[in-house]
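Fold and geometry: a report
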Amino acid sequence: MFKKSIKKGIALALGATMMFSLVACGGTDKSKEAKKSENIEIRLTSRWGGEETLSRYFNEKIEEFNSLGNGITIVADNVTDEQQYFDKLSSQFGAGTQPNIFINYGGTSIKDYIESEMLLDLTPYFEKDTEWKDSFLPLFEKWESGGKTYGVPVMLYQILLYYNNDILTANGLEVPKTIEELEAVCSKLVEAGVVPFQLGEASNFRAGHLFNNLAYKAYGGEIADKLASREMNYDSKEITELYKIIQKWNEAGFFGENPVSVDNNGEKAAFLGGDSAFRYDGAWFVDEIKASEVSDKAGVTAFPYFEGKEQFKNNVQGGSGQGFSIVDSGNQEINDAAVEVVKFLTSKDYYAGLEKANGGGIYPVKFESDPETKIDDMTVKVKEIIDQAETFKGDIQEVDPETHMLNTVRSALQGLFVGNTPEQCGKEIVELEEE
């Protein structure tokens, strides 16, 4: 069904391109053609519409670009919720109303778009501007296919464990280093009437990210490739053990009451308001912490590892994170304009400014920091943690040949919070996997 929608989108997009060509070639409306050349609108879709520094800075830079008077105007559409964002993007591609530039996770998330020849190959642009290409860290793997490159990384991330030090200290608890220590700490917090994690599982990627981290700590980064190749299955004994951990923690009250009734924003609000002890999130969460009630109480550590499996201690969920891809409009002028937008939003100056605005951060581009940039202590700690990582892996399903698997696994994991057994969770994934 999804591929049919993509093909429908191609047909509509081609129809729009043909209509433009007929007007231009017919010679009946030269004024409209001239206006198009004078001002090209580039529609850009992202998830950066919130009030955190990253979103504010991103949208300020768009305003700056639009004030340059270079004949290109960025029209931004920001959808902050992850699931709503991807649902809207899928609908737009299906209807032929897709943006010129969009944020994605690469890998499986753009596989159908690549196969349907909807995305612009950036290789020729890299060959013309090697300085731009060489400014990036070697993080292109998720946007490469068949010797072509269909996107650029825009973020570098690692999932970390944030904690409220005041809550831990008040209960005589230490920061956990292992999964076993984390379980013990959470049990004592529940006994004390404190919510360990207020999980926002109404946004189903939250359990998905927990599953990723447990899997990498239990079996190493290679588990993603084993599941993708079906060398190991989602209903195997090894993977079912991870479902059991999630279910056990939920039943023990580690995730608060009724996690499926709380979304990611509610989860963040609980931690930032001092009402929960832990939250796992990326390095970008530092900025929100600094502007919150727990700015002087929060700390950060690496996601815990399993005792006896120290060899996987530094296998982490992280890497290139999100990236920009460009839709091939079939019009060279529009494609070139879209590339100029992406260059601006991934330039050394852009990231130097973002680092200054954030007071630190980790980024996919090499640049010289502004001398006036002041980096906060938590960001220094985050960098120290990331420096210890040995294997970076994104969502496990990013390398899966079946593009539906990311949502399939996340939906099945959600069932663990509404009464499904671990065995049912694995069975549901495998049955949908085989359809």
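Reading the values: rules and limits
Residues numbered from 1 in each chain as written. Predicted model: local features only at pLDDT ≥ 70, side-chain atom pairs only at ≥ 80, totals over all residues. Heavy atoms only, no water. Pairing = 2+ DSSP bridges. Helix = DSSP H or I, 4+ residues; strand = E, 2+ residues; numbered from the N terminus. Contact = heavy atoms within 4.5 Å. Axes fitted to C-alpha atoms, helices over the stretch in contact; angles between N-to-C directions. pLDDT = per-residue confidence, 0-100. Expected span 1.5 Å × (residues − 1). Buried < 20%, exposed > 50% of the residue type's maximum accessible area, 1.4 Å probe, protein only. Arc of directions from axis to C-beta. Polar contact = N/O pair within 3.5 Å; in protein donor to acceptor, adjacent residues only side chain to side chain. Parallel < 35°, antiparallel > 145°, perpendicular 65-115°, else oblique. Left-handed = near helix turned anticlockwise from the far one by under 90°. Nonpolar A, V, L, I, M, F, W, Y, C, P; charged D, E, K, R; others polar.

1. Description of the sheet that holds strand E13 (residues 323–326)
Reading across from one edge, E2-E1-E3-E13-E6 is the order of the 5 strands in this open sheet, with mixed pairing throughout. Strand pairing shows two members of the sheet lacking a second neighbour, strand E2 (72–78) and strand E6 (152–153), which therefore form its edges. As paired strands, E6 and E13 are joined by 2 bridges and run antiparallel to one another. Bridge pairing links Pro153 to Gly323 in E13. Seen against the sheet, helix H3 (residues 53–66) touches strand E1 (40–46), E2 and E13 and runs at an angle of roughly 160 degrees to E2. Each of E1, E2, strand E3 (101–104), E6 and E13 is contacted by helix H15 (residues 332–345), which is oriented at about 50 degrees to E1, the strand it contacts most.

2. Quick look at the confidence of the model for the chain
Summarising the model, the chain shows a mean pLDDT of 90, and 91% of its residues fall at 70 or more. Predicted confidence is poor over residues 1–36, with pLDDT under 50, and the contacts of this stretch with residues over four places away or in other chains come to 31 contacts.

3. Looking at helix H9 (residues 179–191)
Side chains three or four residues apart in an α-helix point the same way, a direct result of the helix having 3.6 residues per turn. With 13 residues, H9 should reach 18 Å at 1.5 Å per residue; the first-to-last C-alpha distance of 19 Å fits that figure. Taken together, the buried positions of H9 are occupied by Ile179, Leu182, Glu183, Val185, Cys186 and Leu189. Seen from one end, H9 has its buried residues packed into an arc of 165 degrees, which puts them on one side. Of the exposed residues in H9, the ones pointing more than 90 degrees away from its buried face are Lys188 and Glu191. Those residues of H9 hidden inside the fold are in contact with strand E8 (160–164), helix H8 (165–170), strand E9 (195–197), helix H10 (205–219), helix H12 (237–251) and strand E10 (276–281).

4. Some points on the pairing of E8
Most of E8 is tucked away: 5 of the 5 residues are buried. In E8, alternate side chains face the same way, and those of Leu160, Tyr162 and Asn164 on one face and Leu161 and Tyr163 on the other are all buried. Summarising the sheet, E8 and E10 pair through 4 bridges and their orientation is antiparallel. Bridged to Leu160 within E10 is Asp281.

5. What to know about helix H17 (residues 377–387)
Within H17, burial applies to Met378, Thr379, Val382, Ile385 and Ile386. Relative to the axis of H17, the buried residues are bounded by an arc of 115 degrees and lie together on one face. For H17, the exposed residues set more than 90 degrees away from the buried face come down to Asp377 and Asp387. Against strand E7 (157–158), E8, helix H14 (285–290), strand E11 (298–302) and strand E14 (391–393) lie the buried residues of H17. One side-chain oxygen of the residue at the start of H17 lies 3.1 Å from the amide nitrogen of Met378, identifying that residue as Asp376.

6. Here we look at the packing of H3 against helix H16 (residues 348–358)
H16 packs onto H3 with a crossing angle of 140 degrees between their chain directions and a minimal axis gap of 10 Å. The angle between H3 and H16 falls in the class oblique. Note on packing geometry: the crossing formed by H3 with H16 is right-handed. On H16, the residues touching Thr53, Leu54, Tyr57, Phe58 and Lys61 of H3 are Asp349, Tyr350, Gly353, Leu354, Ala357 and Asn358. Classifying every residue of the contact of H3 with H16 by side-chain character gives 6 nonpolar, 3 polar and 2 charged.

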